[in-house]
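Summary of structural features
Chain by chain, the residues:
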Amino acid sequence: MKHEEVRIRHGRRSGLPLIVAIHSTALGPAAGGIRVRRYPDWRDGLADALRLSEAMTSKNAAAGLDFGGGKSVIALGPDVDLTPELREAALLDLGEVIESFGGAYFGGPDVGTGPDDMVVVRRTTSRVFCLPESQGGTGSSSAPTAVGVFEALRAGATRVFGSASLSGRTVVISGLGSVGGLLARHVAEAGARVLVSDVDDSKRSSGYEWVLPEKALRTPADILVPAAVGGVLSAELVPELSAPMIVGPANNQLTDESVADALAARGIVWVPDFVASAGGAVYILLREIEGLSHAEAMSRVHAIGDTVSSVLDAARANGSTPLREALSLVDARLAGSR
Ligand code: PHE
């Protein structure tokens, strides 16, 4: 096992399986969001927590943050009715697990949670970020995450199309959640034609052109943006992709690392997810822990574009892949900590 520590607990209030995975604290306390999601079995939630916490180590390290990687999962079975009462009980239970780490892990929002949930978690642990601004927190991390992805898009477009301008480009956004929705707006404002899809059919009313979720990844476009859950880019799918560039906020987009080679072999530029999606982590951790101002933290979010440029340049110069170059950035930081 590559992880430092994993705690799994049956919640005493909720009866739900709670998982906190700490992948690494080499650079500092582990930080990563709290995911509430349905899984066929709680062990699938455990597998997700292991993958996601490792990705947080890479995300925080590549972004130059002095934080390690961790993640929490509240695993809902297929039949669980998540009433507001059960949700509150589970968040209080999870806060206790987080508190039991004594500061080695800090949680925040993720898929299935938001600032209001963090207020509940705060009742059983102080190690939690992104409370609403009215409660002294920085609120949702979605806005800086979307800005970071937008900068990654522009940096990628410079390398792939010779210009950072998105005007006239067709961009498919797969997943219109809190980050995908904001990103759609940025990209549309930049003059791109935006196509969106979501598993939630009610999002059809978003006002953008709609593509069916099962077709989204194969839709002809200049840029494909995975903005939902992970595991969407597989070896089987690579031959069917049509966008020459893929960049988005979804964590763990590749089913395994070899997919990065298959993408490169097809000439598709894939910007590593943990680089592109770091805006939320950068903003929250710099503001809430390091005490930086909004403007200072946002300028670090904008710098994600520079990181993307240097990763893509290095991949081209070394004949390697963006994933390999981004991971060597991570390795260099982790080696420096030893
Ligand atoms: N969940 C988001 C992410 O995966 C934001 C987050 C970062 C939350 C760091 C807590 C800590 O990046």
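Here the structure is shown first, and the text comes after it.
Quick look at the structure, then. Just so it is clear, the structure is predicted and the values come from calculations on it, not from any experiment. (Residues numbered from 1 in each chain as written. Predicted model: local features only at pLDDT ≥ 70, side-chain atom pairs only at ≥ 80, totals over all residues. Heavy atoms only, no water.)

Tallying secondary structure elements over the protein gives twelve helices and eleven strands in all. The C-alpha radius of gyration of the protein comes to 19 Å, within 12% of the 20 Å expected for a compact globule of 338 residues. Referenced to the eigenvectors of the C-alpha coordinate spread, the extents of the protein come out at roughly 55 × 50 × 40 Å. Across the 338 residues in the protein, those meeting the buried criterion constitute 54%. Pairs at least 24 apart in sequence give 64% of the contacts found in the protein among residues at least 6 apart. Surface summary for the protein: the accessible area is close to 13,700 Å², and the carbon and sulfur share equals 50%. Considering the protein, the positive charge centre built from 32 side chains and the negative charge centre built from 39 side chains are found 1 Å apart. (Helix = DSSP H or I, 4+ residues; strand = E, 2+ residues; numbered from the N terminus. Rg over C-alpha atoms; globule rule 2.2 N^0.38 Å. Buried < 20%, exposed > 50% of the residue type's maximum accessible area, 1.4 Å probe, protein only. Contact = heavy atoms within 4.5 Å. Areas by Shrake-Rupley, 256 points an atom, 1.4 Å probe, with all protein chains shown as cover. Lys, Arg positive; Asp, Glu negative; His and termini not counted. Charge placed at Lys NZ, Arg CZ, Asp CG, Glu CD.)

This paragraph deals with the site of the ligand. Around the ligand sit Gly32, Gly33, Met56, Lys59, Lys71, Gly108, Pro109, Asp110, Ser141, Asn251, Ala281 and Ile284, and those are all the residues in its vicinity. One of the side-chain N or O atoms of Asp110 is found 2.7 Å from a nitrogen atom in the ligand. Burial of the ligand by the protein chains amounts to 95% of its free accessible area of 320 Å². Listing elements by their share of the shell around the ligand, those giving two or more residues are strand 3 (30-38), helix 1 (42-62), strand 5 (105-109) and helix 9 (279-288). Class assignment of the residues belonging to the shell around the ligand gives a composition of four nonpolar, five polar and three charged. (Near = heavy atom within 4 Å. Polar contact = N/O pair within 3.5 Å; in protein donor to acceptor, adjacent residues only side chain to side chain. Nonpolar A, V, L, I, M, F, W, Y, C, P; charged D, E, K, R; others polar.)

Now for the environment of Gly103. Counting through the fold element by element, Gly103 comes out in the loop between helix 2 (84-100) and strand 5. Each C-alpha atom, one on Gly103 and one on Arg127, is 6.6 Å from the other, the two residues being 24 residues apart in sequence. With near-sequence residues (within four places) excluded, Gly103 lies in contact with Pro29 and Arg127.

Time to look at the layout of surface pockets. Roughly 1,100 Å³ of internal volume is contained in the largest pocket. Around the largest pocket, the lining is made up of 50 residues, and of these Asp110, Val111, Val179, Ala227 and Ala228 lie nearest the centre. Every element with two or more residues in the lining of the largest pocket is listed here: strand 3, helix 1, strand 5, helix 4 (142-161), helix 5 (178-189) and helix 9. Among the elements that line the lining of the largest pocket, the one with the most residues is strand 3, at five residues. Class assignment for the residues of the lining of the largest pocket results in 22 nonpolar, 21 polar and seven charged. Residues from two domains meet in the lining of the largest pocket; each of domain 1 (5-56 + 70-135) and domain 2 (142-278 + 304-337) gives at least three. Among the secondary structure elements, those contributing two or more residues to the lining of the second largest pocket are strand 2 (17-24), strand 3, helix 1, helix 8 (273-276) and helix 12 (322-337). Among the elements that make up the lining of the second largest pocket, the one with the highest residue count is helix 1 (seven residues). Taken together, the residues of the lining of the second largest pocket break down into eleven nonpolar, ten polar and ten charged. (1 Å grid on protein atoms, 1.4 Å probe; cavity = no way out; pocket = protein on both sides within 12 Å on 5 of 7 lines; lining within 4 Å. Points joined across faces, edges and corners; volume = space filled by probe spheres on them. Domains from an automatic or database assignment.)

Glancing now at the nonpolar core. In this structure, Leu233, Leu241 and Leu263 are the most contacted members of the largest nonpolar core, which totals 74 residues. Counting residues per element, this core draws most heavily on helix 4, at seven residues. In this structure, this core is formed jointly by two domains, domain 1 (5-56 + 70-135) and domain 2 (142-278 + 304-337), each of which donates at least three residues. Contact partners of Leu241, with chain neighbours within four places excluded, come to Leu217, Leu224, Leu233, Ile246, Leu263, Arg266 and Ile268. (Core = buried A, V, L, I, M, F, W, Y, C linked by side-chain atoms within 4.5 Å.)

Moving on: the pairing of strand 9 (residues 223-226). Taking every second residue as pointing to the same face, both faces of strand 9 are buried, with Ile223 and Val225 on one and Leu224 and Pro226 on the other. As judged from the two bridges shared by strand 9 and strand 10 (residues 245-246), these two strands associate in the parallel manner. Bridge assignment links Leu224 to a residue of strand 10, and that residue is Ile246. (Pairing = 2+ DSSP bridges.)

Moving on, we come to empty space enclosed by the protein. Evaluated as defined, the whole model comprises two cavities of 30 Å³ or more. Put simply, the largest cavity is a space of about 40 Å³. As for the largest cavity, its lining consists of Lys59, Ala62, Ala63, Phe274, Val275, Ala278, Ile304 and Thr307. For the lining of the largest cavity, the elements supplying multiple residues, two or more each, are helix 1, helix 8 and helix 11 (304-318).

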